[in-house]
Amino acid sequence: MSTVETQMYHPPHHRHPRARRAATAAAAFSLVLTACATGSQPTSMESGTDMFPAGDEVSGVLNIMGYNADADEVARTRADLATKAVAPATIKATEGELDVQQFLSAVAAGDAPDLIYANRDQLGTFAARNAIMPLDQCISGEQIAINDFRESAITQVTLDGHIYGIPEFNQVQILMANGDLLEDAGLGTADVDGSSWDKVTAANKALMRKNGNKLSVIGFDSKLPEFLPLWAKSNGVDLVSADGKSALLDDPKVVEALEFGIGIYADQGGFGTVKAFRDSADFFGKGNQFATNVLGAMPMEQWYINILNDVSEQAPMAFDTFKTTAGQPLSFGTGSA
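What you see is a predicted model; the values in this text were computed from it and never measured. (Residues numbered from 1 in each chain as written. Predicted model: local features only at pLDDT ≥ 70, side-chain atom pairs only at ≥ 80, totals over all residues. Heavy atoms only, no water.)

### Side note on the nonpolar core
The nonpolar side chains of a soluble globular protein tend to be buried, and buried together.
Thought 1: The biggest cluster of nonpolar side chains holds 44 residues, and the ones touching the most others in it are Val192, Phe220, Trp231 and Tyr304.
Thought 2: Elements represented by at least two residues in this core include exactly strand S7 (173-178), helix H7 (179-184), helix H8 (197-207), strand S9 (214-220), helix H9 (228-234), helix H10 (252-266), strand S10 (295-301) and helix H12 (304-311).
Thought 3: Counting residues per element, this core draws most heavily on H10, which supplies 5 residues.
Thought 4: Those residues in contact with Phe220, other than ones at most four positions away along the chain, are Leu175, Val192, Val200, Asn204, Trp231, Ile264, Gln268, Ala297, Met298 and Pro299.
Thought 5: The next biggest cluster of nonpolar side chains, apart from the first, holds 23 residues, and it includes Ile116, Ala118, Ala131 and Phe149. (Core = buried A, V, L, I, M, F, W, Y, C linked by side-chain atoms within 4.5 Å. Buried < 20%, exposed > 50% of the residue type's maximum accessible area, 1.4 Å probe, protein only. Helix = DSSP H or I, 4+ residues; strand = E, 2+ residues; numbered from the N terminus. Contact = heavy atoms within 4.5 Å.)

### As for unusual backbone geometry
Thought 1: A cis geometry characterises the amide bond from Ala87 onward to Pro88, with omega recorded as 15°.
Thought 2: With respect to the helices and strands, Pro88 occurs in the loop between helix H2 (73-86) and strand S2 (90-94).
Thought 3: That bond from Leu224 to Pro225 is cis: its omega, 5°, falls within 30 degrees of zero.
Thought 4: Structurally, Pro225 can be placed in the loop between S9 and H9.
Thought 5: Unusually for a residue other than glycine, Asn130 sits at a positive phi of about 55°.
Thought 6: The backbone of Asn293 sits at a positive phi, close to 60°, despite the residue not being glycine.
Thought 7: Checked against the element boundaries, Asn293 lands in the loop between helix H11 (271-279) and S10.

### Looking at the sheet that holds strand S3 (residues 115-116)
Thought 1: Read from one edge of the open sheet, 3 strands run S2-S1-S3, paired in parallel fashion. Sheet topology places S2 and S3 at the edges, where each strand pairs with a single neighbour.
Thought 2: In this structure, strand S1 (residues 61-65) lies alongside S2, joined through 5 bridges in parallel fashion. Bridge pairing in S2 places Ile64 opposite Ala93. (Pairing = 2+ DSSP bridges.)

### Thoughts on the pattern of salt bridges
Thought 1: For the coordinates displayed, the defined rule picks out 8 salt bridges.
Thought 2: Among the ionic pairs, Asp193 bridges to Lys323, the shortest N-O distance being 3.4 Å. Highlighted residues: Asp193 in the loop between H7 and H8 and Lys323 in the loop between strand S11 (317-320) and strand S12 (334-336), separated in sequence by 130 residues.
Thought 3: When the shortest N-O distance is used, the salt bridge between Lys275 and Asp279 registers 2.7 Å. Of the two residues, Lys275 and Asp279 both sit in helix H11, 4 residues apart, roughly one turn of that helix.
Thought 4: Given the relative accessible area of 32%, Lys275 is considered partly exposed.
Thought 5: Residues joined by salt bridges that share partners form a network here, namely Asp70, Arg76 and Asp80. (Salt bridge = Lys/Arg side-chain N within 4 Å of Asp/Glu carboxyl O.)

### Some words on the side chain of Gln173
Thought 1: Of note, Gln173 is situated in strand S7.
Thought 2: Owing to a relative accessible area of 2%, Gln173 belongs among the buried residues under this scheme.
Thought 3: Side-chain polar atoms of Gln173 contact the backbone nitrogen of Phe332, separated by 2.8 Å.
Thought 4: For Gln173, the contacting residues outside a window of four places in its chain are Phe227, Leu230, Met300, Glu301, Leu330, Ser331 and Phe332. (Polar contact = N/O pair within 3.5 Å; in protein donor to acceptor, adjacent residues only side chain to side chain.)

### Digging into H2
Think of an α-helix as turning once every 3.6 residues; residues three or four places apart then point the same way.
Thought 1: Counted at 1.5 Å a residue, the expected span for H2 with its 14 residues is 20 Å, and the 20 Å between its end C-alpha atoms agrees.
Thought 2: Every buried residue of H2 is listed here: Val74, Ala75, Arg78, Ala79, Ala82 and Val86. One face of H2 carries all of its buried residues, which in axial projection span an arc of 135°.
Thought 3: Close packing links the buried residues of H2 with S2 and strand S6 (168-171). (Expected span 1.5 Å × (residues − 1). Arc of directions from axis to C-beta.)

Rendered as C-alpha cells:
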C-alpha cells in the first residue's frame, strides 16, 4: 500500500490527463474497500458485530460517490479493474467529483453511498457528523498495512482514535521559479523561498512587468487562497486549534500572513488581475507560464514538475524548498482517501 500512497495527488482544480500518470499499482487501490463498503451507520461499529468478515463473498451493488471514472485513461483503467475485481457484484458510481451537499443530503435521507472518494481534509467533518463509518474492522479484516502509510496521511483520516479513510497519494509544496528571470533581476531562490517576506515583496516588484496598465509578467504568485495555511504556518500559527475544534482565523499572525499574500497581488494590480492572467496560461501545455517567461516564482505542488518535464523540459527552471520566516523548510501534505 505504501507504493500507492506515495503517488502524486492532483487537486480537482488542476486535474488533467497528463497530471494523472500514476503507477499501475494505483489502479487497484479503489478495490481495497470493496469487501467492506456494506453499511452506512457509524453506530453499528459500536455494537460489537463483525460487519466485515474477511472471507465473505461480495454481492449486490457497490454504490460509489466521488470517483470520476471518465476523468482520464488512468481513472478509466482503475474503474475497469475494480469492476472485474468485485464481480459478480456490480458498481454504480455517481459521475464527477464528490458533491459534499449531495453526499450529506443522501446520508440524511438514509440513502448514503457505500463508498466515497474524497479529499482527506474533508473526512474529519464527515466523521464528526457521523456521516461515515470508522474502518477499523475493515482494516483488520483486509489486513491493510496501515504502518506503511505516512504518519501525516493517517493523522488526516483519524478522529478520536478511529481511522475513517484509506489514504491515497501525497502532495507537498515546493518553490518553483524561472531561473532566467531571477538571474536577469539579480536574484536567487533565497529571495523568493518565503524565508523573508520583505525579500519576496521586493523580488515581486523586480520581476513583474507591465505593458502600460496590463500585467505581462507575474513577479510572484502567493497562491491565495489555497496556500494561506502554508503562509500562516510559515508565520508560526495554524488556522485551527490542535484539537481541530476552534478556528484561529483572527489570530494576528494569520491576519499578517493574509495581508502579506494580498499585498503581493495588490502590487501587481490586484488579485483579479493576477488570477485572470494566471488562468490565461496553457498551464498543462508547452505554453505554460514558465516556458513562456511570464511568471517569476510561486510555491506549487510537487507533481507539477512532471508536467513541466513532459511538455517543456527546456524551461529555465529553478527549484528550492519553501521556507518559514525562520528559514526552515516547510510544506503541508494533502491527498485523497
